[in-house]
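Overview (structure and organization)
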Amino acid sequence: KQEVTQIPAALSVPEGENLVLNCSFTDSAIYNLQWFRQDPGKGLTSLLLIQSSQREQTSGRLNASLDKSSGRSTLYIAASQPGDSATYLCAVVYGNNRLAFGKGNQVVVIP
Amino acid sequence: NAGVTQTPKFRILKIGQSMTLQCAQDMNHNYMYWYRQDPGMGLKLIYYSVGAGITDKGEVPNGYNVSRSTTEDFPLRLELAAPSQTSVYFCASSPLRLAGGPQQYFGPGTRLTVT
């Protein structure tokens, strides 16, 4: 069974610092990995998708890396802003339509 | 495009009552999904559908039923509500099977409390 773990569960950083969020998964047989953002009381917004053949993806201040063999992904958010405060969820696609989610990294950026 | 819409936003049910959570998408996506998210947890897949008339169980299907008579709509039915079904329910859709790498679009969620 595919299990996804996200560390740390919660963190606070001062504005301007870089954020590093970690995700690990137990079965390396994945199709792709996605990072989502979830704001309180809202749905999920897709941030980045990395195919299993890729090593990283970038979008603006966000960069996600994938090391499939070791079962790890890292999301970097450069120069954090208060608007980055949210919960970040990592999810892996391990079947045609199976998505396994981690519990999330709850981030607070302090102005 | 409205994207993925869900109704109601909030609902309180008594134990043993039934209800249907509505989900609709206007992006002509074939694939639709229902997830539940318990406090402090990730999302778990309840049911999914790969097209009208075709549904399949996810990780936690017990206590739920689904149907897919049209491409746009994918309702989730709770027949005999139990406190363990207190959760936030998310509907999602995608144009392709997830293994093909499409983006998945989520609705805003329905917060359900069973007392």
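Please refer to the structure placed before this passage.
As a starting point, this report considers the structure included with it. If you're wondering where the values come from, they're calculated on a predicted model, not measured in any experiment. (Residues numbered from 1 in each chain as written. Chains lettered and ligands numbered in written order. Predicted model: local features only at pLDDT ≥ 70, side-chain atom pairs only at ≥ 80, totals over all residues. Heavy atoms only, no water.)

**What about the overall build of chain A?**
When you go through chain A residue by residue, the secondary structure sums to zero helices and 11 strands. What you see in chain A, going N to C, is helices and strands ordered as β-β-β-β-β-β-β-β-β-β-β. The C-alpha radius of gyration computed for chain A amounts to 13 Å, which stays within 12% of the reference 13 Å derived for 111 residues, consistent with globular compactness. Across its three principal axes, chain A shows a C-alpha extent of roughly 40 × 30 × 20 Å. Put simply, chain A has 111 residues, and 47% of those count as buried. Across chain A, every contact between residues at least 6 apart in sequence was considered, and the portion connecting residues at least 24 apart equals 53%. (Helix = DSSP H or I, 4+ residues; strand = E, 2+ residues; numbered from the N terminus. Rg over C-alpha atoms; globule rule 2.2 N^0.38 Å. Buried < 20%, exposed > 50% of the residue type's maximum accessible area, 1.4 Å probe, protein only. Contact = heavy atoms within 4.5 Å.)

**Quick look at the sheet that holds strand β7 (residues 62–67) of chain A**
The strands making up a sheet associate through backbone hydrogen bonding, with each pair oriented either parallel or antiparallel. Residues and elements named next belong to chain A. The strand order β1-β3-β8-β7-β6 describes an open sheet built from five strands, whose pairing is antiparallel. Each of the sheet's edge strands pairs with one partner strand only, and the pair in question is β1 (4–7) and β6 (56–59). Across the sheet, the axes of successive neighbouring strands diverge by a mean angle of 15°, strand direction being ignored. In this structure, β6 lies alongside β7, joined through four bridges in antiparallel fashion. (Pairing = 2+ DSSP bridges. Axes fitted to C-alpha atoms, helices over the stretch in contact; angles between N-to-C directions.)

**Let's talk about the environment of Thr-58 of chain A**
Residue and element names in this part refer to chain A. Tracing the backbone shows Thr-58 in strand β6. Each C-alpha atom of the pair Thr-58 and Leu-47 lies 9.6 Å from the other, and the pair is 11 residues apart in sequence. Sequence-distant contacts of Thr-58, defined by excluding residues within four places in its chain, comprise Leu-48 and Asn-63. Of the polar contacts made by the side chain of Thr-58, one reaches the side chain of Asn-63; its length is 2.8 Å. (Polar contact = N/O pair within 3.5 Å; in protein donor to acceptor, adjacent residues only side chain to side chain.)

**So, the interface of chain B and chain A**
When the parts come together, some accessible area is lost, and that loss is often what is quoted as the size of the interface. With 27 residues of chain B at the interface, the matching set in chain A holds 23 residues. Note on chain B versus chain A: buried area summed over both sides is about 1900 Å², and carbon and sulfur give 52% of it. For the interface between chain B and chain A, the tally reads one salt bridge. Between Glu-59 of chain B and Lys-1 of chain A there is a salt bridge whose closest N-O contact spans 3.7 Å. Across the contact surface, chain B and chain A share two residue pairs in polar contact (both at pLDDT 80 or more). For the side of chain B that touches chain A, the secondary-structure elements that each account for two or more residues are β4 (31–37) and β5 (43–51) of chain B. Split by residue class, the side of chain B that touches chain A holds 14 nonpolar, nine polar and four charged. (Buried area = accessible area lost by both parts, 1.4 Å probe. Salt bridge = Lys/Arg side-chain N within 4 Å of Asp/Glu carboxyl O. Nonpolar A, V, L, I, M, F, W, Y, C, P; charged D, E, K, R; others polar.)

**Looking at the sheet that holds strand β8 (residues 76–78) of chain B**
All names here are of chain B. Ordered by their spatial adjacency, four strands build an open sheet running β1-β3-β8-β7, and the pairing between neighbours is antiparallel. Across the chains shown, the open sheet's two edge strands, defined by having one partner strand only, are β1 (4–7) and β7 (64–66). Each strand of the sheet is rotated relative to its neighbour by a mean of 20°, with strand direction disregarded. Taken together, the four bridges between β1 and strand β3 (residues 19–25) define a ladder with antiparallel strand orientation. For Val-4, the partnering residue across the bridge sits in β3 and is Gln-25.

**As for the nonpolar core**
Residues and elements named next belong to chain A. By size, the foremost hydrophobic cluster in this structure holds 24 residues, and its most contacted members are Leu-33, Trp-35, Leu-75 and Tyr-88. Mapped onto this core, the elements with two or more residues apiece are β2 (10–14), β3 (19–25), β4 (32–38), β5 (44–51), β7, β8 (72–77), β9 (86–93) and β11 (105–110). Not counting residues up to four positions away in its chain, the partners in contact with Leu-75 are Leu-19, Val-20, Leu-21, Trp-35, Leu-48, Leu-62, Asn-63, Ala-64 and Tyr-88. (Core = buried A, V, L, I, M, F, W, Y, C linked by side-chain atoms within 4.5 Å.)

It is worth stressing that arrangement in space is one thing and function is another; only the former is reported here.
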